[in-house]
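# Fold and geometry: a report
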Amino acid sequence: MAEIAPSILAADFANLQRDVEMINNSSAGYIHVDIMDGMFVPNISFGLPVCEAIHRHAKKPLDVHLMIEQPDRYLEAFRNAGASGITVHYEACPHLHRTIQHIKELGAEPGVALNPHTPVEVLSEIMGDVSLILIMSVNPGFGGQKFIENTYKKIATLDRYRKEFGYNFKIEVDGGVNLNNAPRLVREGVDILVAGSFVFTSPDPAKTIAELGNS
Ligand code: DX5
Ligand code: ZN
């Protein structure tokens, strides 16, 4: 069993309210909101006004994934735009400890994300301070990419750390998640599955969310 965070990046942006309501009426635990700046990642998604608009209709907490350079500049703005959890990239934060404390001070759940090439061990000194560790299972920037198999190993290592030291962070995986890889991801220790294109291209997205949740 896992919680599901459908990624709104794969929604129909001309029908955002409809797609947010589909998520509201599903068994999803969160709405995953991908923010891309065209700098940290080679794509631009959407920004604060859209996040705010999603929040106005959302009945599930917003899990905001910042794929942006210098995220410190925007933490407060995303908190004000309705973020419940704010996840920054390890690779974008030279002062990660300070950034995490700032997210906590704003009253949001702090998360940190790792690109596929970044080993989980780099987080050893911050694992006790975060609510969430997001393992990217594709190179961030686009939906609809192929799942990277090495992710299983990273999840297993992270879960071992968590058990060994008694940490409480949740493990989230993001990119290329579908019904084929979800069961093994959950077995290795994943708590939250992000799924974009697999949910939104399926004939019955709410049913797909439920099926993924039963993985
Ligand atoms: C990728 C984003 C993901 C993306 C996942 O950079 O962080 O959240 O929306 O989409 P799928 O599930 O289509 O790989
Ligand atoms: Zn994401």
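The model shown is predicted, which means the values in this text are computed figures rather than measured ones.

What follows concerns the UniProt feature "active site" (unreviewed entry) in the protein. Within this structure's numbering, the places UniProt gives as "active site" (unreviewed entry) are Asp34 and Asp174. Over a stretch of 141 residues, the named residues converge on one spot in the fold, their C-alpha atoms separated by at most 10.5 Å. In this structure Asp34 comes out as buried when scored by C-beta crowding, with 24 C-beta atoms within 10 Å. Along the chain, Asp174 falls in strand β7 (residues 170–174). Taking the C-beta count within 10 Å as the criterion, Asp174 has 25 such neighbours and is therefore assigned buried. Setting aside residues up to four positions removed in sequence, Asp174 forms contacts with His65, Leu134, Met136, Ser137 and Val194.

Within a sheet, adjacent strands bond to each other through the backbone by hydrogen bonds, running parallel or antiparallel. Strand order in the open sheet formed by 8 strands is β1-β8-β7-β6-β5-β4-β3-β2, with parallel pairing between adjacent strands. Looking at the sheet topology across the chains shown, the edges are occupied by β1 (3–6) and β2 (31–36). Sheet twist, expressed as the mean angle between neighbouring strand axes with direction ignored, is 25°.

Moving on: the environment of Glu21. Summarising the element assignment, Glu21 is placed in helix α1 (residues 16–24). A residue is classified by how many C-beta atoms lie within 10 Å of it, and Glu21, with 14 of them, is partly exposed. Expressed as a C-alpha distance, the spacing of Glu21 and Ile54, which sit 33 residues apart in the sequence, is 9.8 Å.

Every buried residue of helix α8 (residues 205–213) is listed here: Pro205, Thr208, Ile209 and Leu212. Each buried residue of α8 lies within a common arc of 105° when the element is viewed along its axis, so the set occupies one face. Residues of α8 that are buried sit in contact with β1, α1, α6 (182–188), β8 (192–195) and α7 (197–200).

Take the site of ligand 1 next. For ligand 1, the set of nearby residues contains 22 residues, the closest of which are Ser7, Pro140, Gly143, Gly196 and Ser197. Taken together, the elements giving at least two residues each to the shell around ligand 1 come down to β2, β8 and α7. Here the shell around ligand 1 is composed, by residue class, of 9 nonpolar, 11 polar and 2 charged.

As recorded in UniProt, the sites labelled "binding site: a divalent metal cation" (unreviewed entry) are His32, Asp34, His65 and Asp174. In sequence the annotated residues extend across 143 residues, while in space they remain close, none of their C-alpha pairs exceeding 10.5 Å. Mapped onto the fold, His32 is located in strand β2. The residues touching His32, leaving out its near neighbours within four places in the chain, are Ala5, Pro6, Ser7, Ile8, Asp63, His65 and Val194. Dropping the residues within four chain positions of it, His65 is found in contact with His32, Val33, Asp34, Ile35, Thr87, Ala113, Leu134 and Asp174.

Turning next to the nonpolar core. Membership of the largest hydrophobic core comes to 65 residues, with the highest contact counts inside it found for Ile31, Val64, Ile86, Ile133, Val190 and Leu193. Among the elements that line this core, the one with the most residues is strand β6 (residues 132–136), at 5 residues. Once residues within four sequence positions are removed from consideration, Val64 is found in contact with Val33, Ile35, Cys51, Phe78, Ala83, Gly85, Ile86 and Thr87.

To continue, consider the packing of α1 against helix α2 (residues 48–57). Packing of α1 against α2 brings their axes to within 9 Å, and their N-to-C directions diverge by 50°. With respect to their mutual orientation, α1 and α2 come out oblique. For the element pair α1 and α2, the recorded crossing hand is right-handed. Contacts between α1 and α2 involve Leu16, Gln17, Val20 and Glu21 from the former and Ala53, Ile54 and His57 from the latter. By residue class, the composition of the contact of α1 with α2 is 4 nonpolar, 2 polar and 1 charged.

A separate point is unusual backbone geometry. Positive phi is not limited to glycine here, since Gln70 has a value of about 45°. Checked against the element boundaries, Gln70 lands in the loop between β3 (62–67) and α3 (75–80). Residue class for Gln70 comes out partly exposed when judged on the 15 C-beta atoms lying within 10 Å of it.

Basis of the calculations
- Along each chain, numbering runs from 1 in the same order as the chain's sequence is written.
- Written order determines the labels here, with chains lettered from A and ligands numbered from 1.
- Whole-chain, interface and lining totals are the exception, using all residues; otherwise, since this is a predicted model, local features are given only for residues with pLDDT of at least 70 and side-chain atom pairs are given and counted only at 80 or more.
- UniProt positions are given in the numbering used here, feature names are shortened, and annotations may be inferred rather than shown by experiment.
- Here the C-beta atoms are placed from the backbone, and a residue counts as buried if at least 20 other C-beta atoms lie within 10 Å of its own, exposed if 12 or fewer do, and partly exposed otherwise.
- Helix and strand definitions here come from DSSP, where helices need a minimum of 4 consecutive H or I residues and strands a minimum of 2 consecutive E residues; each element is numbered from the N-terminal end.
- For every residue pair, C-beta atoms are placed from the backbone, and the pair is scored as a contact if these atoms sit within 7 Å.
- Paired strands are those between which DSSP finds at least two bridges.
- Orientation is described by lines fitted to C-alpha atoms, with helices fitted over the stretch in contact, and by angles between N-to-C directions that extend from 0 to 180 degrees.
- Here, the arc refers to the directions that run from the helix axis to the C-beta atoms.
- Using a C-beta atom placed from the backbone for every residue, we mark a residue as near a molecule or strand if that atom lies within 6 Å of it.
- Amino acid classes used here: Ala, Val, Leu, Ile, Met, Phe, Trp, Tyr, Cys and Pro are nonpolar; Asp, Glu, Lys and Arg are charged; the rest, including Gly, are polar.
- Connectivity within a nonpolar core runs through C-beta atoms within 7 Å, and the core itself is a set of buried Ala, Val, Leu, Ile, Met, Phe, Trp, Tyr and Cys residues.
- Working rule for angles: under 35 degrees goes down as roughly parallel, over 145 as roughly antiparallel, 65 to 115 as roughly perpendicular, anything else as oblique.
- Each crossing gets its handedness from the near helix: less than a right angle anticlockwise from the far helix is left-handed, clockwise is right-handed.

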